[in-house]
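# Summary of structural features
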Amino acid sequence: MPPMAPDAPSQKPAEPILHSFPSGDDLSQALADFVIKAQNEAIDRRNKFTLATSGGSLPKILAKFLVNRSDDAVRWDKWQIFFADERLVPLDHEDSNYSLCEKEFFSKTPLKPAQIHKIDEKLLDDAEELSDEYEKQLAEAFAGKESVRLPVFDLILLGMGPDGHTCSLFPGHELLKERSRWVAPIEDSPKPPPRRITLTLPVLNKAHRIAFCLTGEGKQEMLSKALDQPELGLPASLVRPTPPGDVYFLTDDAASKTVKYPRTEFKL
Ligand SMILES: O=C(O)[C@H](O)[C@@H](O)[C@H](O)[C@H](O)COP(=O)(O)O
(Lines give C-alpha, C1' and ligand atoms only; values in the text may rest on other atoms or scores of the structure.)
Protein backbone atom coordinates (compact mmCIF):
# COMPACT_ATOMS: atom_id res chain seq x y z
CA MET A 1 0.00 0.00 0.00
CA PRO A 2 1.63 3.34 -0.96
CA PRO A 3 1.87 6.05 1.69
CA MET A 4 -1.53 7.62 2.35
CA ALA A 5 -2.44 10.20 -0.28
CA PRO A 6 -2.21 13.75 1.10
CA ASP A 7 -5.29 15.95 1.30
CA ALA A 8 -4.50 17.85 -1.83
CA PRO A 9 -3.71 15.13 -4.43
CA SER A 10 -1.13 17.39 -6.11
CA GLN A 11 0.88 17.70 -2.87
CA LYS A 12 3.54 15.03 -2.36
CA PRO A 13 3.62 13.77 1.26
CA ALA A 14 6.56 15.00 3.31
CA GLU A 15 9.69 12.82 3.15
CA PRO A 16 10.83 11.81 6.65
CA ILE A 17 13.86 13.51 8.20
CA LEU A 18 16.08 11.08 10.13
CA HIS A 19 18.23 12.31 13.01
CA SER A 20 20.32 9.68 14.80
CA PHE A 21 22.13 10.29 18.11
CA PRO A 22 24.94 8.36 19.82
CA SER A 23 22.92 7.72 22.98
CA GLY A 24 19.44 7.84 24.46
CA ASP A 25 20.46 10.87 26.55
CA ASP A 26 21.60 12.73 23.42
CA LEU A 27 18.22 11.91 21.86
CA SER A 28 16.37 13.15 24.97
CA GLN A 29 18.32 16.41 24.96
CA ALA A 30 17.60 16.94 21.27
CA LEU A 31 13.93 16.06 21.77
CA ALA A 32 13.63 18.71 24.49
CA ASP A 33 15.10 21.33 22.14
CA PHE A 34 12.87 20.06 19.29
CA VAL A 35 9.71 20.32 21.45
CA ILE A 36 10.61 23.82 22.66
CA LYS A 37 11.09 24.95 19.06
CA ALA A 38 7.70 23.48 18.07
CA GLN A 39 6.16 25.12 21.14
CA ASN A 40 7.55 28.55 20.22
CA GLU A 41 6.35 28.27 16.62
CA ALA A 42 2.90 27.27 17.89
CA ILE A 43 2.73 30.18 20.34
CA ASP A 44 3.67 32.55 17.49
CA ARG A 45 0.82 31.05 15.41
CA ARG A 46 -2.01 31.05 17.93
CA ASN A 47 -0.70 31.53 21.44
CA LYS A 48 -1.11 27.90 22.46
CA PHE A 49 0.69 24.59 21.97
CA THR A 50 -1.34 21.47 21.19
CA LEU A 51 0.60 18.25 21.60
CA ALA A 52 -0.45 14.61 21.26
CA THR A 53 1.81 12.13 23.02
CA SER A 54 2.16 8.34 22.92
CA GLY A 55 2.87 5.93 25.73
CA GLY A 56 5.59 3.27 25.88
CA SER A 57 9.16 4.53 26.28
CA LEU A 58 8.34 8.02 24.99
CA PRO A 59 7.21 9.83 28.18
CA LYS A 60 10.53 9.08 29.93
CA ILE A 61 12.57 10.20 26.91
CA LEU A 62 10.42 13.33 26.67
CA ALA A 63 10.65 14.33 30.34
CA LYS A 64 14.38 13.88 30.90
CA PHE A 65 15.55 17.32 29.71
CA LEU A 66 12.22 19.09 29.53
CA VAL A 67 11.39 19.16 33.24
CA ASN A 68 13.30 20.79 36.12
CA ARG A 69 15.11 23.14 33.75
CA SER A 70 17.15 26.11 34.98
CA ASP A 71 15.59 28.31 32.26
CA ASP A 72 12.00 29.28 31.46
CA ALA A 73 12.10 27.96 27.90
CA VAL A 74 9.08 25.74 28.46
CA ARG A 75 5.86 27.81 28.49
CA TRP A 76 3.81 25.18 30.35
CA ASP A 77 0.79 27.48 30.62
CA LYS A 78 0.38 27.37 26.82
CA TRP A 79 0.30 23.55 26.61
CA GLN A 80 -2.77 21.45 25.79
CA ILE A 81 -1.95 17.74 25.85
CA PHE A 82 -3.88 14.92 24.19
CA PHE A 83 -3.08 11.23 23.77
CA ALA A 84 -2.19 9.81 20.37
CA ASP A 85 -3.66 6.62 21.72
CA GLU A 86 -4.98 5.37 25.03
CA ARG A 87 -5.89 2.04 26.51
CA LEU A 88 -9.48 1.54 27.68
CA VAL A 89 -8.58 0.96 31.31
CA PRO A 90 -9.07 3.11 34.43
CA LEU A 91 -6.78 6.14 34.51
CA ASP A 92 -4.95 4.78 37.57
CA HIS A 93 -4.39 1.38 35.93
CA GLU A 94 -0.78 0.42 35.19
CA ASP A 95 -1.71 -0.02 31.47
CA SER A 96 -3.08 3.52 31.18
CA ASN A 97 -0.99 5.89 29.03
CA TYR A 98 -2.32 8.73 31.17
CA SER A 99 -1.05 6.95 34.30
CA LEU A 100 2.35 6.35 32.67
CA CYS A 101 2.65 9.96 31.50
CA GLU A 102 1.50 11.26 34.90
CA LYS A 103 4.23 9.22 36.64
CA GLU A 104 7.06 9.93 34.15
CA PHE A 105 6.19 13.43 32.99
CA PHE A 106 3.11 15.40 34.07
CA SER A 107 3.81 15.02 37.82
CA LYS A 108 7.17 16.76 37.26
CA THR A 109 5.64 19.82 35.62
CA PRO A 110 3.27 22.68 36.62
CA LEU A 111 0.69 21.45 34.07
CA LYS A 112 -2.85 21.77 35.41
CA PRO A 113 -5.35 18.88 35.09
CA ALA A 114 -7.48 20.93 32.66
CA GLN A 115 -4.52 21.05 30.27
CA ILE A 116 -4.34 17.26 30.04
CA HIS A 117 -7.19 15.77 27.99
CA LYS A 118 -7.99 12.36 29.37
CA ILE A 119 -10.49 9.77 28.16
CA ASP A 120 -13.86 9.70 29.98
CA GLU A 121 -13.59 6.74 32.39
CA LYS A 122 -17.40 6.58 32.67
CA LEU A 123 -17.46 5.32 29.06
CA LEU A 124 -14.86 2.54 29.35
CA ASP A 125 -17.46 -0.13 28.57
CA ASP A 126 -18.43 1.51 25.27
CA ALA A 127 -15.41 2.02 23.00
CA GLU A 128 -17.47 3.71 20.26
CA GLU A 129 -19.03 6.18 22.69
CA LEU A 130 -15.67 6.85 24.32
CA SER A 131 -14.03 7.52 20.93
CA ASP A 132 -16.79 9.98 20.03
CA GLU A 133 -16.42 11.74 23.37
CA TYR A 134 -12.67 12.10 22.87
CA GLU A 135 -13.31 13.42 19.38
CA LYS A 136 -15.60 16.04 20.95
CA GLN A 137 -12.75 17.10 23.23
CA LEU A 138 -10.59 17.56 20.13
CA ALA A 139 -13.33 19.51 18.38
CA GLU A 140 -13.60 21.90 21.33
CA ALA A 141 -9.85 22.41 21.51
CA PHE A 142 -9.62 22.95 17.74
CA ALA A 143 -12.62 25.28 17.44
CA GLY A 144 -15.39 22.80 16.64
CA LYS A 145 -15.73 19.93 14.16
CA GLU A 146 -18.28 21.78 12.05
CA SER A 147 -15.77 24.48 11.19
CA VAL A 148 -12.61 22.37 11.24
CA ARG A 149 -12.14 19.63 8.63
CA LEU A 150 -9.40 18.09 10.77
CA PRO A 151 -7.66 19.10 14.02
CA VAL A 152 -4.16 20.39 13.26
CA PHE A 153 -1.84 19.44 16.10
CA ASP A 154 1.26 21.55 16.56
CA LEU A 155 3.24 18.43 17.44
CA ILE A 156 2.51 14.72 17.62
CA LEU A 157 5.05 12.50 19.38
CA LEU A 158 4.94 8.86 18.33
CA GLY A 159 6.71 5.66 19.18
CA MET A 160 7.05 2.67 16.90
CA GLY A 161 6.52 -0.89 18.01
CA PRO A 162 8.65 -3.87 16.91
CA ASP A 163 5.93 -4.71 14.34
CA GLY A 164 5.95 -1.19 12.88
CA HIS A 165 2.76 -0.08 14.64
CA THR A 166 2.39 3.46 15.86
CA CYS A 167 -0.26 4.87 18.19
CA SER A 168 -2.69 1.94 18.11
CA LEU A 169 -2.52 1.59 14.33
CA PHE A 170 -1.30 -1.92 13.61
CA PRO A 171 0.03 -3.53 10.40
CA GLY A 172 -2.74 -4.69 8.07
CA HIS A 173 -5.51 -3.43 10.37
CA GLU A 174 -8.74 -2.03 8.96
CA LEU A 175 -8.13 1.16 10.95
CA LEU A 176 -5.37 2.10 8.51
CA LYS A 177 -8.12 2.80 5.97
CA GLU A 178 -10.18 5.04 8.29
CA ARG A 179 -10.54 8.40 6.55
CA SER A 180 -13.41 10.21 8.34
CA ARG A 181 -13.15 9.54 12.08
CA TRP A 182 -10.58 11.57 13.99
CA VAL A 183 -10.50 9.09 16.88
CA ALA A 184 -11.31 5.42 16.42
CA PRO A 185 -11.71 2.43 18.75
CA ILE A 186 -9.81 -0.83 18.39
CA GLU A 187 -10.87 -3.89 20.38
CA ASP A 188 -8.41 -6.41 18.98
CA SER A 189 -5.05 -4.76 19.51
CA PRO A 190 -2.27 -7.32 18.98
CA LYS A 191 -0.35 -5.41 21.67
CA PRO A 192 -2.15 -5.85 25.01
CA PRO A 193 -4.40 -4.53 26.31
CA PRO A 194 -6.73 -5.25 23.37
CA ARG A 195 -9.18 -2.34 23.87
CA ARG A 196 -7.91 1.11 22.92
CA ILE A 197 -8.66 4.32 21.07
CA THR A 198 -6.29 5.92 18.61
CA LEU A 199 -5.87 9.02 16.49
CA THR A 200 -6.39 8.08 12.85
CA LEU A 201 -4.03 8.68 9.92
CA PRO A 202 -5.91 11.73 8.59
CA VAL A 203 -5.35 13.49 11.93
CA LEU A 204 -1.72 12.39 12.18
CA ASN A 205 -1.03 13.56 8.62
CA LYS A 206 -2.59 16.97 9.22
CA ALA A 207 -0.15 17.87 12.04
CA HIS A 208 2.28 20.75 11.71
CA ARG A 209 5.03 18.47 12.98
CA ILE A 210 5.40 14.79 13.86
CA ALA A 211 8.33 13.14 15.60
CA PHE A 212 8.88 9.44 16.04
CA CYS A 213 11.20 8.69 18.96
CA LEU A 214 12.75 5.27 19.16
CA THR A 215 15.82 3.71 20.69
CA GLY A 216 17.60 0.39 20.97
CA GLU A 217 18.68 -2.50 18.76
CA GLY A 218 15.23 -4.04 19.05
CA LYS A 219 13.90 -1.41 16.66
CA GLN A 220 16.64 -1.81 14.02
CA GLU A 221 14.88 -4.17 11.62
CA MET A 222 11.55 -2.40 11.74
CA LEU A 223 13.05 1.06 11.40
CA SER A 224 14.89 -0.10 8.29
CA LYS A 225 11.62 -1.46 6.85
CA ALA A 226 9.69 1.68 7.79
CA LEU A 227 12.22 4.02 6.15
CA ASP A 228 13.89 1.92 3.45
CA GLN A 229 10.82 -0.03 2.30
CA PRO A 230 7.83 2.35 2.52
CA GLU A 231 6.11 0.20 -0.13
CA LEU A 232 5.49 -2.35 2.65
CA GLY A 233 2.91 0.10 3.97
CA LEU A 234 3.80 -0.29 7.65
CA PRO A 235 1.78 2.09 9.83
CA ALA A 236 4.96 4.07 10.64
CA SER A 237 5.50 4.46 6.87
CA LEU A 238 1.98 5.81 6.35
CA VAL A 239 2.61 8.75 8.66
CA ARG A 240 3.57 11.24 5.97
CA PRO A 241 2.01 14.62 6.69
CA THR A 242 0.77 16.93 3.99
CA PRO A 243 3.28 19.78 3.51
CA PRO A 244 3.94 22.17 5.15
CA GLY A 245 3.66 19.48 7.83
CA ASP A 246 6.85 17.50 8.39
CA VAL A 247 7.81 14.18 9.96
CA TYR A 248 11.02 13.37 11.84
CA PHE A 249 12.53 10.15 13.12
CA LEU A 250 14.64 10.82 16.21
CA THR A 251 16.57 7.67 17.05
CA ASP A 252 19.72 6.51 18.78
CA ASP A 253 22.50 4.92 16.69
CA ALA A 254 21.56 1.47 18.06
CA ALA A 255 18.15 1.70 16.42
CA SER A 256 19.33 3.29 13.14
CA LYS A 257 22.44 1.10 12.64
CA THR A 258 21.14 -0.84 9.62
CA VAL A 259 19.03 1.93 8.09
CA LYS A 260 20.07 2.93 4.56
CA TYR A 261 17.86 6.03 4.58
CA PRO A 262 20.04 9.20 4.69
CA ARG A 263 20.65 10.77 8.07
CA THR A 264 20.36 14.51 8.50
CA GLU A 265 22.54 16.40 10.95
CA PHE A 266 20.42 17.70 13.86
CA LYS A 267 20.41 21.51 13.73
CA LEU A 268 17.64 23.71 15.16
O1 LIG B 1 -0.13 2.83 23.77
C2 LIG B 1 0.85 2.32 23.23
O3 LIG B 1 1.09 1.12 23.24
C4 LIG B 1 1.87 3.23 22.60
O5 LIG B 1 1.39 4.47 22.30
C6 LIG B 1 2.52 2.54 21.43
O7 LIG B 1 2.07 2.96 20.19
C8 LIG B 1 4.01 2.74 21.57
O9 LIG B 1 4.36 4.06 21.14
C10 LIG B 1 4.75 1.71 20.75
O11 LIG B 1 4.27 0.43 21.13
C12 LIG B 1 6.25 1.80 21.02
O13 LIG B 1 6.48 1.53 22.38
P14 LIG B 1 7.98 1.64 22.96
O15 LIG B 1 8.40 3.05 22.71
O16 LIG B 1 7.83 1.33 24.42
O17 LIG B 1 8.79 0.64 22.20
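The present account deals with the structure reproduced in this document. Just so we're clear, the structure is a prediction, and the values are computed from it rather than from any experiment.

## As for the packing of aromatic side chains
For any pair of aromatic rings, the description rests on two quantities: the centre-to-centre distance and the angle between the ring planes. Under the defined criterion, the tally for this structure stands at 15 aromatic pairs. Here the aromatic rings of Phe-21 and Phe-266 are separated by 5.3 Å at their centres, their planes lie at 70°, and the arrangement is edge-to-face. One end of the pair, Phe-21, is in strand E1 (residues 17-21); the other, Phe-266, is in the segment after helix H8 (253-256), with 245 residues separating them in the sequence. In this structure Phe-21 comes out as buried when scored by relative accessible area, which is 7%. On the basis of an interplanar angle of 75° and a centroid distance of 6.2 Å, the ring pair of Phe-82 and Tyr-134 is categorised as edge-to-face. You can see Phe-82 sitting in strand E3 (residues 79-83) and its partner Tyr-134 sitting in helix H4 (residues 127-141), a full 52 residues away along the chain. Accessibility expressed as a relative area gives 1% for Tyr-134, which makes it buried.

## Comments concerning unusual backbone geometry
Here the amide bond leading from Pro-192 into Pro-193 is cis, since omega sits at -5°, within 30 degrees of zero. Along the polypeptide, Pro-193 turns up in the loop between strand E6 (183-186) and strand E7 (196-199). A cis amide bond links Pro-243 to the next residue, Pro-244, at an omega of 15°. Within the fold, Pro-244 resides in the loop between helix H7 (235-238) and strand E9 (246-252).

About the thresholds
- Residues numbered from 1 in each chain as written.
- Predicted model: local features only at pLDDT ≥ 70, side-chain atom pairs only at ≥ 80, totals over all residues.
- Heavy atoms only, no water.
- Phe/Tyr/Trp six-rings, centres within 6.5 Å; stacked < 30°, edge-to-face > 60°.
- Helix = DSSP H or I, 4+ residues; strand = E, 2+ residues; numbered from the N terminus.
- Buried < 20%, exposed > 50% of the residue type's maximum accessible area, 1.4 Å probe, protein only.

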